[in-house]
Amino acid sequence: METQTMKAILKDSPSYGLTMKRVSVPTPPGPNEVLIKLKVVSICGTDLHIYVWNKWAKNRIKPPIIVGHEIAGEVIAVGEGVKKVKVGDYVSADSHIPCQNCYQCRTNRMHVCKNTKIIGVDIDGGFAEYVKLPEIVIWKNDPSISPEFASVQEPFGNAIHTVFAEDVSAKSVLITGMGPIGLMAGMVCKAIGSSVVIATEVNPYRIELAKKAGIDYVINPIEEDVYDKIMKLTDGRGVDAFLEMSGKMNALYDGLRSLTNGGHAALLGVFDDDVSLNINDLIVFKGIRLYGITGRRMFETWEIGNQLLKHKLVDLSKVITHVFDFDDWEKGMKLMEKAESGKVILRVSD
Ligand SMILES: [Zn+2]
Ligand SMILES: [Zn+2]
């Protein structure tokens, strides 16, 4: 029998770029596996890292591999034992595959599983017409949520996970970095009643996006002193909560400095290099609580995201700036490389 083929975007050699080509469709789903026909996918910073072949990608990715992990589609086949979904269901997926067996997984902390495998990084991903995934990561979408929004739920979940590190309702919040996740975090804070949301960002395109999305104040650290401005905006108190989304040393420093004594900081941004800080003055004597945030709580974060989207408390169209046909994927990558986009969506099928 002739093997069926599908279009997919692959890293097929250890160098800059990605390739769209025809590959075999995944084999039928085995026990606890689900086969999905993709409708819409979105491009993540991780996909861009793999595209530009940065230091992280060189160390982590073993070509050939199909990239992509932010997906929305329809279940077209299920393997033995699958209970969560059936054929015809409209689904998305968490990108982190937990082993379900380690200490963390056994103690309700699957998002920090010691043996996490990432879709489109460690196993073939979703930038394809079909993807086969383990049942554990599948999320059944509410039919009222568009496929475009559904595919963005994965980074939206990072934003929610960070915002919900502690209660930020009626609190002042600083978010450093207005990339898509920072922007979504700001929208979530507004939706759940933070008193004021202040952001820092240097990129003019992203500053505009943040203003349009309703972020109260956007400070450009090149033009203004972040600490001084925040003290003015908070009557000299400093912010109650600091969400770090940029992975930049200066942003981390400004944020910790501008945090009120006894406040909390949640760090999602990933830093290129080691960071040196005055821990005594910035953390210990201020009595702050510091959270490292990774992935999404499975599936508490998804439940919150579903509520925010289903009841239209957050409008993800403010972060989705470009929609391309699947064949035009490289246009999206180029925009992201220039940091002239919010979320970029690719339409795989109707
Ligand atoms: Zn992602
Ligand atoms: Zn595990």
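Bear in mind the structure is a predicted one, so any value in this text is a computation, not a measurement.

Colleague: Looking at this structure, I do not really get the overall build of the protein chain. What am I missing?
Modeller: Summing up its helical and strand segments, the protein chain has twelve helices and 18 strands in all. Compactness check: the protein chain gives a C-alpha radius of gyration of 20 Å against a globular reference of 20 Å for 350 residues, within 12% of the reference. Overall, the C-alpha framework of the protein chain stretches about 70 × 40 × 35 Å when taken along its three principal axes. Expressed as a percentage of its 350 residues, the buried residues of the protein chain come to 47%. Long-range pairs, those at least 24 residues apart, make up 68% of the contacts in the protein chain between residues at least 6 apart in sequence.

Colleague: Teacher, can you tell me more about the packing of helix H5 (residues 153-163) against helix H6 (residues 180-191) here?
Modeller: One way to put it is that H5 packs onto H6 with a least axis distance of 8 Å and a crossing angle of 55°. Comparing the axis directions of H5 and H6 gives the class oblique. Crossing of H5 over H6 shows right-handed handedness. In contact with Pro155, Phe156, Asn158, Ala159, Ile160, Thr162 and Val163 of H5, H6 contributes Pro180, Ile181, Met184, Ala185, Val188 and Cys189. The residue makeup of the contact of H5 with H6, split by class, is eleven nonpolar, two polar and no charged.

Colleague: How should I be thinking about the pairing of strand S11 (residues 172-176) in this particular structure?
Modeller: In summary, the side chains of a regular strand alternate between the two faces of the sheet. Most of S11 sits out of view: five of its five residues are buried. Across the two faces of S11 the burial is the same, with Ser172, Leu174 and Thr176 and Val173 and Ile175 all buried. By the bridge criterion, five bridges tie S11 to strand S12 (residues 196-200) in an arrangement that is parallel. Looking at S12, one finds that serine 172 is bridged to valine 196. Two elements, S11 and strand S14 (residues 239-244), share four bridges in a ladder whose sense is parallel. Note on S14: the bridge partner recorded for threonine 176 is glutamate 244.

Colleague: Explain the domain arrangement of the protein chain to me, please; I cannot follow it from the model alone.
Modeller: Interfaces are often sized by the amount of accessible area the parts lose when they come together. Segmentation of the protein chain into domains returns domain 1 (5-152 + 319-347) and domain 2 (158-292). Among the residues forming the side of domain 1 that touches domain 2, the class breakdown is two nonpolar, one polar and two charged.

Colleague: Is there a simple way to explain the nonpolar core in this structure?
Modeller: Considering soluble globular proteins, one finds that nonpolar side chains tend to be buried as a cluster. Ranked by internal contacts, the top residues of the largest apolar core, which has 96 residues, are Ile36, Val173, Met184, Ala185, Val188 and Leu243. A domain-level breakdown of this core finds at least three residues from each of domain 1 (5-152 + 319-347) and domain 2 (158-292). Excluding its chain neighbours within four sequence positions, the residues that come into contact with methionine 184 are Pro155, Phe156, Ala159 and Val319.

Colleague: I keep staring at the pairing of strand S3 (residues 33-43) and nothing clicks. Help me out?
Modeller: Most of S3 sits inside the fold, with nine of its eleven residues counted as buried. Looking at chain direction, S3 and strand S9 (residues 130-134) are connected through five bridges and run antiparallel. Looking at the pairing, leucine 35 lines up with lysine 132 of S9. Alignment of S3 against strand S5 (residues 70-78), held across eight bridges, turns out to be antiparallel.

Colleague: Help me out: how do you make sense of H6 in this one?
Modeller: For H6, which comprises twelve residues, the first-to-last C-alpha distance of 16 Å matches the rise-based estimate of 16 Å (1.5 Å per residue) to within 8%. For H6, a buried count of ten out of twelve residues is recorded, marking the element as mostly surrounded by other parts of the structure. Taken together, the buried positions of H6 are occupied by Pro180, Ile181, Gly182, Leu183, Met184, Ala185, Gly186, Met187, Val188 and Cys189. Among the residues trailing H6, glycine 193 stands out with phi positive, at a value near 90°.

Colleague: Help me understand the sheet that holds strand S13 (residues 217-219), please; the structure alone is not making it clear to me.
Modeller: Sheet strands associate in pairs through backbone hydrogen bonding, adopting either a parallel or an antiparallel arrangement. Overall, parallel pairing links the six strands, which are arranged S13-S12-S11-S14-S15-S16 in an open sheet. What marks the edges here is a single partner per strand, and that holds for S13 and strand S16 (289-292). Pairs of neighbouring strands in the sheet enclose a mean axial angle of 20°, with direction left out of account. Direction of pairing for S12 relative to S13: parallel, over a ladder of three bridges. Bridge assignment links alanine 199 to a residue of S13, and that residue is valine 218. Where helix H9 (residues 249-258) meets the sheet, it contacts S11, S12, S14 and strand S15 (259-267), and its direction lies at approximately 165° from that of S14.

Cut-offs applied
Residues numbered from 1 in each chain as written. Chains lettered and ligands numbered in written order. Predicted model: local features only at pLDDT ≥ 70, side-chain atom pairs only at ≥ 80, totals over all residues. Helix = DSSP H or I, 4+ residues; strand = E, 2+ residues; numbered from the N terminus. Rg over C-alpha atoms; globule rule 2.2 N^0.38 Å. Buried ≥ 20, exposed ≤ 12 C-beta atoms within 10 Å, placed from the backbone. Contact = placed C-beta atoms within 7 Å. Axes fitted to C-alpha atoms, helices over the stretch in contact; angles between N-to-C directions. Parallel < 35°, antiparallel > 145°, perpendicular 65-115°, else oblique. Left-handed = near helix turned anticlockwise from the far one by under 90°. Nonpolar A, V, L, I, M, F, W, Y, C, P; charged D, E, K, R; others polar. Pairing = 2+ DSSP bridges. Domains from an automatic or database assignment. Core = buried A, V, L, I, M, F, W, Y, C linked by C-beta atoms within 7 Å. Expected span 1.5 Å × (residues − 1).

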